[in-house]
Structures are given as C-alpha cells and as structure tokens.
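# Examining the three-dimensional arrangement
Now for the letters of each chain:
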Amino acid sequence: MAVEKVDTLVVGAGQAGIAMSEHLTRAGIPHLVLERDRIAERWRSGRWDSLVANGPAWHDRFPGMEFPDAGPDAFIGKEAVADYFVAYADQIKAPVRCGVEVQDLRRNQGRPGFTVTTSAGVIEADHVVAATGPFQVPVIPAVIPQDAGVAQIHSSAYRNPEQLAPGAVLVIGAGSSGVQIADELNRSGRKVYLSVGPHDRPPRAYRGRDFCWWLGVLGKWDMAAPNPGTEHVTIAVSGARGGETIDFRRLGNQGITLLGRTEGYGDGSLSLAPDLRENIDRGDANYLGLLDEADAYATRNGLDLPTEPAARKREPDPGCLTDPILALDLADAGITTVIWATGFVADYGWIKLDAFDQNGKPRHQRGVSVERGIFFLGLPWQSRRGSSFIWGVWHDARHIAEQIAIQRKYMDYHAQAARQPQDA
Ligand SMILES: Cc1cc2nc3c(=O)[nH]c(=O)nc-3n(C[C@H](O)[C@H](O)[C@H](O)COP(=O)(O)OP(=O)(O)OC[C@H]3O[C@@H](n4cnc5c(N)ncnc54)[C@H](O)[C@@H]3O)c2cc1C
C-alpha cells in the first residue's frame, strides 16, 4: 500500500488542532490534521447538555473570528462552541480529515521522521503535533466498590438530571464541573451532597469587569506553573444563567449539603476529611485576594470603575459548614448516584517513544518534546495557566509552529549544503 507523506501531522481537531493548523498555514508549513471523530467532538459529546462556556464570548475565542449572533458578554452554549470551531476550520481552510484515528507512532530508523499507523493507512511525517486534549481519560478513584448499590458515573458522562435514577445524588469534586452539576441537580429538586476539596473561586465579575478580564490584566492567565504539583488547584467558576460567582455558602443555604474531601468507604458509609471549613476558608481567601488585587490595579491605573462593597459581604454559614458531616451512610441518605467530578488523565499510549515521565506526562519545554520532532499542544500549564483554554492554546500553537519552522530551516540548509560541490 502507498505510504502518504506529509511534513507535519497534527493529531486531534479540537481547538488545539485547529489553532495549530492556522499557525502552520501562516508559516507556510504543509500539514494534515487527523481527527478520530468530528471537529471539536469533546464540546459536543463530552459535556453535559446545559453547559455554557466558562468565559464570555469576547474572551473565550480565537482572535480571527467572533461568535456569530452573540454579544461580547454572552456565555456561549457548548454546541455553539463546537459550531464555532467547525466554522473556524472552514474559514482557515484547515486540512482536517475526520473519522481517522492515529493508533501508533514510531521513529524511523536511519532516516528522519516518523511512521504513523492510522485507522485509514500509514502516514510518514517529519513532525508530529499531539493535540489530543488536556482532558482525555476520565478518572474515577477506586473508593466506592462497584457493588456498593449506587450508580457511579464521571462528570463527562453526566448529561442532565432526568438521566439519573430517582434519589439523592452525591457529587464528588467541586471544580467548575462538579459545582455546576450539583447546582443544576439541586435546582431540579434533587437532594444533593457535594464533596468540596481545595479550590480557587474568583468572582464571576467585579466592579463591572468579568474575572477573565481581571486575570488577564493582572497577568494571571500568563502565570507559569508555580511548582510542580501545585498546578492543579481547580477553579470553580460558572457561566450558567448569565454567569454567577460560585459561593459555597449560598449553595449550602440553597439546600446542597457540603462535605469535606472524600477519603474512604466502608460498610456502606463514606468517610469525609474534616477539612470542609479549611477548604471554604482558602477559597474565600483566594476570592478576597483577587478583589484586593483588582482594587489596587484600579487605583494604580486610575480606572473609573464603580466600587462594589457588596462583593465583600458574606452569607451566613449553612449548618453543614458549622457542623460538618464526617461519615455519610449512602443508603440512609437515599443516595442512588455518585458523580465523580474528579478530572482526567492523559493517554499517549499511541506514541511509542521515550517522551514521558514516570506518571505518563509528556517531558517537554513549552510543548517541544524531549523527543525531537514531536510536539504537544493543549497541555494543562503547557506554557502558562491559560494553555488548556481556548484563547491560551492559540498562542501556544504559534510557538510550536515557530519551532517547527526553525527545524525545517536546519533541514533546508542541510539539503542545500549537501548539493554544493565540496571544496577541495
Ligand atoms: C467541562 C469542561 C468545560 C470547559 N469549558 C471551557 C471554557 O468555557 N473555556 C475554555 O477556554 N476552556 C474550557 N474547557 C477547557 C478546554 O477548552 C477544553 O477541554 C477543550 O476541549 C480542549 O481542547 P483541545 O483541542 O486541547 O482538546 P480536545 O477538545 O479534547 O480535542 C482533542 C481531539 O483529539 C481527538 N483525538 C484524541 N486522540 C486521537 C487519536 N489517537 N487520533 C485522532 N484523534 C484523536 C479527540 O477526538 C478530540 O476531538 C473546558 C473543559 C471541560 C472538561
């Protein structure tokens, strides 16, 4: 069978793959994007029905196109986000081939480049960009046994309240996904328990500016990962119902029973860490710290923004916070479903190269792999805090395209020099 050859192969056509294609085209680098499903598939089938983007339309987009039919401050629904990337790919004429899965990648021996086996044949490429997503394989910690008499699903499999069996729901994890799902279930009339770990919770908006704006002007989206291991403090934000600040006290007062971190399980009962107060306090400190920084920035720059003292008002502590539950009998509480909003891990099993650390994470510098010719895009904290988000990946893609262009120059020189007659 004929082997197809391409300069640069991009694997995955989510927002990362589309951004990569735009920058490769700008740099004049021939390339092909392979996607096993559809463009931006995860925005369609890996998210719950009511999800809207966490950032407003003016922020959570690429520079080259605005969201059609939406004001700048709107929070775009997940299907419209997917449609946006399809339209974007069309606008930039991205060479995307859908329905093709990359299954295996190996380095060629004795010659440059890689041999890539796909579900539709073999491709040879000089450079490969893995743009397969920051959130690939759902993680469900092995805490509650499968025969415990409750249904257990991951947040990526949650769609809507009607999907779940009647009864109370325990949501474990209070990042943006867990907290939004818990809130939706509570509003639908379910009894909800929410296990809350450490989190950041910026105000949705403060003094008339969305938190995305504040994080931008304060340089926080551009922050490099502070220390290995500390990158993963989850951010609890929501664009639901026009955007709301996540306030765990309010959720508690609205009927959600807040719990500390889930620690273990035995005899039908869940054990919870005595850290609920600490986690809530830390979230508050993060919230108030951002207000302080925003105020200082506004003063320093003489910004004429309305003050907002009400943002510092605190709701009364709900009973679940003053008298936290440390053991929860699932049957007594009527819990029939547990939703694990506990994140994802990466799976690069198709890359047969020594490019990963002992935890399976890529070894790289700003997406440039230790394995020459391989690049990663869309990783959490790839170059900065914003790397796995829509606007951030676009900027990281430009850097990767530059790095590929630099390598191509070296090979061009080599080819040219090899053609010159050697000096005697
Ligand atoms: C619930 C949720 C809400 C989010 N909300 C926002 C938000 O509001 N704003 C924001 O900026 N970010 C948000 N994010 C973060 C981020 O923008 C998304 O996770 C986004 O989908 C990442 O895009 P990506 O292109 O890097 O990866 P993905 O969207 O995961 O795309 C990777 C693609 O690669 C394909 N693929 C994987 N393996 C292969 C293979 N072997 N061969 C071929 N194709 C393959 C997949 O099918 C997929 O289409 C959210 C994330 C989650 C989980």
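Reading guide: rules and limits
- Residues numbered from 1 in each chain as written.
- Predicted model: local features only at pLDDT ≥ 70, side-chain atom pairs only at ≥ 80, totals over all residues.
- Near = placed C-beta within 6 Å.
- Helix = DSSP H or I, 4+ residues; strand = E, 2+ residues; numbered from the N terminus.
- Nonpolar A, V, L, I, M, F, W, Y, C, P; charged D, E, K, R; others polar.
- Expected span 1.5 Å × (residues − 1).
- Buried ≥ 20, exposed ≤ 12 C-beta atoms within 10 Å, placed from the backbone.
- Contact = placed C-beta atoms within 7 Å.
- Domains from an automatic or database assignment.
- Core = buried A, V, L, I, M, F, W, Y, C linked by C-beta atoms within 7 Å.

A word on the site of the ligand. Close to the ligand lie 33 residues, the nearest being Gly12, Gly14, Gly133, Gly378 and Phe389. Put simply, the parts of the chain that give the shell around the ligand at least two residues each are helix H1 (15-26), strand S2 (31-35), helix H2 (41-45) and helix H9 (390-419). The class makeup of the residues in the shell around the ligand is 14 nonpolar, 11 polar and 8 charged.

Let us look at helix H7 (residues 276-300). Compared with the 36 Å implied by 1.5 Å per residue over 25 residues, the 36 Å span of H7 between its first and last C-alpha is a close match. Regarding H7, the residues found buried are Leu276, Asn279, Ile280, Gly283, Tyr287, Leu290 and Ala294. Close packing links the buried residues of H7 with strand S11 (199-200), strand S12 (205-206), helix H5 (211-217), helix H6 (248-253), strand S15 (257-259) and helix H8 (319-322).

Turning our attention to the domain arrangement of the chain. Splitting the chain by domain gives domain 1 (3-136 + 346-419) and domain 2 (139-340). Between the C-alpha centres of domain 1 and domain 2 there is a distance of 31 Å. On the side of domain 2, 22 residues touch domain 1, which itself brings 17 residues to the contact. Residue composition of the side of domain 1 that touches domain 2, grouped by class: 7 nonpolar, 7 polar and 3 charged.

The next thing to look at is the nonpolar core. Of all hydrophobic cores here, the largest spans 56 residues; its most connected members are Leu9, Val11, Met20, Val128, Val129, Leu377 and Ala397. Broken down by element, the residue count for this core peaks at 7 residues, all from H9. Val179, Leu185, Leu259 and Tyr287 belong to the second largest nonpolar core, which has 44 residues in total.

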